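Working through the structure, step by step
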Amino acid sequence: MLQCIFLLSDSGEVMLEKQLTGHRVDRSICDWFWEQTVSQADSSSQLPPVIASPTHYIFQIGREGITFLACTQVEMPPLMGIEIVADVLSDYLGGLNEDVIKDNFVIVFELLDEMIDNGFPLTTEPNILREMIAPPNIVSKMLGVVTGNSSNVSNTLPGATASCVPWRSTDPKHASNEVYVDLLEEMDAVVNRDGILVKCEIYGEVEVNSHLSGLPDLTLSFANHSILNDVRFHPCVRFRPWESNNILSFVPPDGQFKLMSYRVKKLKSTPIYVKPQLTSDAGTGRLSVLVGIRNDPGKTIDSITVQFQLPPCILSANLSSNHGTVSILANKICSWSVGRIPKDKAPSLSGTLTLETGMDRFHVFPTFQVGFRIMGVALSGLQIDKLDIKNLPSRPYKGFRALTQAGQYEVRS
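Values in this document were obtained by computation on a predicted structure and should not be read as measured data.

What counts, and at which threshold
- Residues numbered from 1 in each chain as written.
- Predicted model: local features only at pLDDT ≥ 70, side-chain atom pairs only at ≥ 80, totals over all residues.
- Heavy atoms only, no water.
- Helix = DSSP H or I, 4+ residues; strand = E, 2+ residues; numbered from the N terminus.
- Buried < 20%, exposed > 50% of the residue type's maximum accessible area, 1.4 Å probe, protein only.
- Contact = heavy atoms within 4.5 Å.
- Areas by Shrake-Rupley, 256 points an atom, 1.4 Å probe, with all protein chains shown as cover.
- Lys, Arg positive; Asp, Glu negative; His and termini not counted.
- Charge placed at Lys NZ, Arg CZ, Asp CG, Glu CD.
- Pairing = 2+ DSSP bridges.
- Axes fitted to C-alpha atoms, helices over the stretch in contact; angles between N-to-C directions.
- Salt bridge = Lys/Arg side-chain N within 4 Å of Asp/Glu carboxyl O.
- Core = buried A, V, L, I, M, F, W, Y, C linked by side-chain atoms within 4.5 Å.
- 1 Å grid on protein atoms, 1.4 Å probe; cavity = no way out; pocket = protein on both sides within 12 Å on 5 of 7 lines; lining within 4 Å.
- Points joined across faces, edges and corners; volume = space filled by probe spheres on them.
- Nonpolar A, V, L, I, M, F, W, Y, C, P; charged D, E, K, R; others polar.

1. Thoughts on the overall build of the protein chain
When you go through the protein chain residue by residue, the secondary structure sums to seven helices and 24 strands. Principal-axis analysis of the C-alpha atoms places the extent of the protein chain at approximately 75 × 55 × 45 Å. A buried classification covers 43% of the 413 residues belonging to the protein chain. When contacts within the protein chain are restricted to residue pairs at least 6 apart in sequence, long-range pairs at least 24 apart make up 69% of them. Surface accessibility of the protein chain: about 21,300 Å² in total, with carbon and sulfur atoms responsible for 50%. Placing the 35 positive and 44 negative side-chain charges of the protein chain at their respective mean positions leaves the two points 9 Å apart.

What follows is the structure, encoded as structure tokens:
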């Protein structure tokens, strides 16, 4: 049972406080947490998700610069409430940052009222919450200023709350029935300084955008489901068909939602390679970075970026590339935007680095963060076999897409 939820900005400011039970949690616990955060930052280590304070257990999770804190004094699953709250708020508001929270303070407070009852999750389906609390828009804000009524809560309870499928609106109707399924994947990889792939895995999500009338029943199957690990489903998925036949059987919410997430581990290769080389002698360093295609996925690889932090011992850097643009920010972060790899040459970055006085060689080597995007292919190898739809009078339109992009892709030098 959660007793309180705090939302903190990246500077430690308490932007929102929501007491969930009769036991009030003092705001000073946020000061204690922020002191722990600052001390851990100085020692270059991260705080664990669960922290034992002198008075409470604190659950913490970060989303786009916003820290969600939840406090309890009883035994409970640590992320039962707080991760759901963070994900639903991000989905409902279309992203999270300090300005979004402050501009929609009343709506966030109303959402927390509906989502959590006496410390336990209650209504967490975004589509139902949108019926209960109107999403923010310019018209509603103007009406709130004119009428003085800032509440967006509906006067009537959505019919789906009393239904056996509470995630779906009651008897929705659409002029054209259509459903779209997207495979969205992120590749996490670590390449050591010898160019050996230490870790490579995929985190993926199956996103569905459903506009189907009535109460349709969908069945989705994969051609190679055996590669999936750590699967997590939307509440609409019936678990028994998946457990027995690895088939997703569900009545979908109306609109866009995340059907499932998964992980594919121990991949053998990455689509591109990044080869950094650093040398130093007599107070001057030389940097060279090569980028190229390692395994052609059959689709265009675009939005390629390479970013790294220059070591503190570097006074100045003179870098240039034969393709793309290079920029060095004030905090010594170097960003190389490659875009697409041309067919006639391999993109390369090179230049000289000036070390501090008294230093002859590098003692700290940077880690390179790589980004890319590939439309139309799922690098995990996951393939959708078929999608069957029942309880519809007419034949619907079905669409499928795939996208793979870099997640935590690191190359060490």
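2. A look at the pairing of strand 4 (residues 57–63)
Summarising the sheet, strand 3 (residues 50–52) and strand 4 pair through three bridges and their orientation is antiparallel. Each bridged residue has a counterpart across the sheet, and for Ile51 the counterpart in strand 4 is Ile58. Sheet topology places strand 4 next to strand 5 (residues 66–72); seven bridges connect them, and they run antiparallel. Paired with Ile58 across the two strands is Cys71, which belongs to strand 5. Where strand 4 folds back onto strand 5 in an antiparallel hairpin, the turn is made up of two residues, including Glu64, whose phi is positive at roughly 55 degrees.

3. Focus: the pairing of strand 5
Of all the seven residues making up strand 5, seven are buried; the element is thus mostly covered by neighbouring parts of the structure. Both faces of strand 5 are covered, namely the face carrying Ile66, Phe68, Ala70 and Thr72 and the face carrying Thr67, Leu69 and Cys71. Examined bridge by bridge, strand 1 (residues 4–8) and strand 5 share five bridges and lie antiparallel to one another. Bridge assignment links Phe6 to a residue of strand 5, and that residue is Leu69.

4. Some thoughts on the environment of His211
Looking at the secondary structure, you find His211 in strand 9 (residues 197–211). Take His211: its relative accessible area is 25%, and that puts it in the partly exposed class.

5. A look at the sheet that holds strand 14 (residues 255–264)
Strand pairing in a sheet relies on backbone hydrogen bonds, with the paired strands running either antiparallel or parallel. If you trace the nine strands from one edge of the open sheet to the other, you get 11-14-9-8-24-22-17-20-19, paired in mixed fashion. Two strands close off the open sheet at either side, each with one partner strand: strand 11 (229–233) and strand 19 (325–328). Pairwise comparison of adjacent strand axes, ignoring direction, gives a mean angle of 15 degrees for this sheet. In this structure, strand 22 (residues 367–375) lies alongside strand 24 (residues 397–412), joined through six bridges in antiparallel fashion. Following the sheet pairing, Gln369 is matched in strand 24 by Glu410.

6. With respect to the pattern of salt bridges
Per the stated rule, a full pass over the model turns up 16 salt bridges. Between Glu13 and Lys102 there is a salt bridge, with its nearest N and O atoms 3.4 Å apart. Of the two residues, Glu13 is situated in the loop between strand 1 and strand 2 (14–19) and Lys102 in helix 3 (residues 98–103); the sequence distance between them amounts to 89 residues. Exposure remark for Glu13: the relative accessible area of 36% places this residue in the partly exposed category. Assessed through its relative accessible area of 41%, Lys102 is described here as partly exposed. With a closest N to O distance of 3.4 Å, Asp230 and Lys265 form a salt bridge. Of this pair, Asp230 sits in strand 11 while Lys265 sits in the loop between strand 14 and strand 15 (272–281), placing them 35 residues apart in sequence. Residue classification places Lys265 among the partly exposed positions, given a relative accessible area of 39%. What you see here is one network of salt bridges that share partners, running through Glu201, Asp230, Arg263 and Lys265.

7. Considering the sheet that holds strand 13 (residues 247–250)
With respect to topology, four strands assemble into an open sheet ordered 12-13-10-23, the strand pairing being antiparallel. Unpaired on one side and paired on the other, strand 12 (237–238) and strand 23 (384–390) mark the two borders of the sheet. Judged from the four bridges that link them, strand 10 (residues 217–222) and strand 13 form a sheet pairing that is antiparallel. Bridging from a neighbouring strand, Leu218 pairs with Phe250 of strand 13.

8. Observations concerning the nonpolar core
Core analysis: the largest hydrophobic core is formed by 65 residues, its most contacted members being Val206, Phe222, Leu248, Phe250, Leu259, Phe372 and Tyr409. Among the elements that take part in this core, strand 8 (residues 178–191) stands out by supplying six residues, more than any other. Those residues in contact with Leu248 that sit more than four places away from it in its chain are Leu218, Thr219, Leu220, Phe222, Phe233, Val237, Trp242, Leu259 and Met260. With 32 residues, the next largest nonpolar core counts Met15, Leu16, Leu111 and Leu129 among its residues.

9. Observations regarding the layout of surface pockets
What the largest pocket holds in volume is close to 1,800 Å³. In terms of lining residues, the largest pocket is bounded by 43 residues, among which Asp87, Tyr203, Glu205, Arg232 and Lys258 are the most central. Those elements giving two or more residues to the lining of the largest pocket turn out to be helix 2 (82–93), helix 5 (126–132), strand 8, strand 9, strand 11, strand 14 and strand 24. Of the residues in the lining of the largest pocket, the class split is 15 nonpolar, 12 polar and 16 charged.

10. Examining unusual backbone geometry
The residue Asp230 is not glycine, and still its phi comes out positive at about 50 degrees. In this model, Ser303 sits at a positive phi of 55 degrees, which is unusual for a non-glycine residue. With respect to the helices and strands, Ser303 occurs in strand 17 (residues 301–309).

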